[in-house]
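# Coordinate inspection notes
Residues per chain, in single letters:
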Amino acid sequence: ELTGEKLSEFILVKLEPTTDEDVFPFSDELITDQYPVFVKFYEKWCSRCLAMKTAFENAASRMAGRVIFMEVECSSSDVAQGFCSLHKVDGYPTLKLMGAHFEKAVPFERDRSVQGILDFLNEHVPEEEEEEEKEEEDTKDEDDKEDDKEGGD
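Structural notes, computed from the coordinates. These numbers were taken from a predicted model, which means no experiment stands behind them.

Looking now at the pairing of strand 2 (residues 36-42). Counting buried residues in strand 2 gives seven out of seven residues, a clear majority hidden from the surface. On strand 2, burial covers both faces: Pro36, Phe38, Lys40 and Tyr42 on one face and Val37, Val39 and Phe41 on the other are all buried. Sheet topology note: the strand 2/strand 4 (residues 94-99) ladder contains six bridges and is antiparallel. Looking across to strand 4, one finds that lysine 40 is bridged to leucine 95. One ladder, built from six bridges, connects strand 2 with strand 3 (residues 68-73); its direction is parallel. Residue pairing in the sheet places valine 39 in a bridge with methionine 70 of strand 3.

Structure representation (structure tokens):
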């Protein structure tokens with residue numbers, strides 16, 4: 001069903017320039033308990049992987065600072081292949097959310113559009129975590145201002 005919202009999203013995605021600068025190449029060192037990591041397992045020959053490239057990059061740019069986006073080409077190395085096996089990848093593209101507070105990877109099983117990805121991530125990664133970090137920065141800024149006042153006397 002074509003709705004006004006879906007149409008406007010389609011137009012925005014098509015017109016908005018995308019870049020892969022917010023998408024990281026495979027490194028298992030990126031997956032820690034500090035940040036959520038949204039992983040795309042793919043192969044270069046996979047047409048569905050190519051078809052979702054723009055949506056993945058667009059979502060990565062919109063979620064920058066909140067979620068790390070990473071791509072793993074499963075056949076690119078023995079380490080990558082091992083990582084894909086560990087996460088039971090049996091088709092492409094496979095997308096999973098891991099790291100941070102997730103005990104095990106959360107599979108992405110939705111529409112592979114920008115909005116589908118954003119909706120999934122917003123459900124699993126609340127903005128509160130980002131706001132807490134911002135509050136800490138604000139407190140730090142206030143402390144710095146206090147130091148400046150004291151130093152200026």
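What follows deals with the pairing of strand 4. Most of strand 4 sits out of view: six of its six residues are buried. Relative to strand 5 (residues 106-107), strand 4 runs antiparallel, the two sharing two bridges. Pairing of lysine 96 across the sheet is with proline 107, part of strand 5. What sits between strand 4 and strand 5 in their antiparallel hairpin is a turn of six residues, with alanine 100 showing a positive phi close to 50°.

The biggest cluster of nonpolar side chains holds 22 residues, and the ones touching the most others in it are Phe38, Val67, Phe69, Leu97, Ile117 and Leu121. Residue contributions to this core peak at five residues, all from helix 5 (residues 114-124). In this structure, phenylalanine 69 is in contact with Asp22, Val23, Phe24, Phe38, Phe56, Ala59, Ala60, Met63, Ile117 and Leu121, ignoring residues within four places of it in sequence. Cys49, Ile68, Val89 and Met98 belong to the second largest nonpolar core, which has 16 residues in total.

In this section: the sheet that holds strand 5. On the basis of which strands lie adjacent, the open sheet formed by five strands has the order 1-3-2-4-5 and mixed pairing. Edge positions in the sheet fall to strand 1 (23-25) and strand 5, since each of these pairs with one other strand and no more. Judged from the three bridges that link them, strand 1 and strand 3 form a sheet pairing that is parallel. Paired with phenylalanine 24 across the bridge in strand 3 is methionine 70. Contacts from helix 3 (residues 53-62) reach strand 1, strand 2, strand 3 and strand 4 within the one sheet, and its direction differs from that of strand 3 by about 150°.

The rules we used
- Residues numbered from 1 in each chain as written.
- Predicted model: local features only at pLDDT ≥ 70, side-chain atom pairs only at ≥ 80, totals over all residues.
- Heavy atoms only, no water.
- Buried < 20%, exposed > 50% of the residue type's maximum accessible area, 1.4 Å probe, protein only.
- Helix = DSSP H or I, 4+ residues; strand = E, 2+ residues; numbered from the N terminus.
- Pairing = 2+ DSSP bridges.
- Core = buried A, V, L, I, M, F, W, Y, C linked by side-chain atoms within 4.5 Å.
- Contact = heavy atoms within 4.5 Å.
- Axes fitted to C-alpha atoms, helices over the stretch in contact; angles between N-to-C directions.

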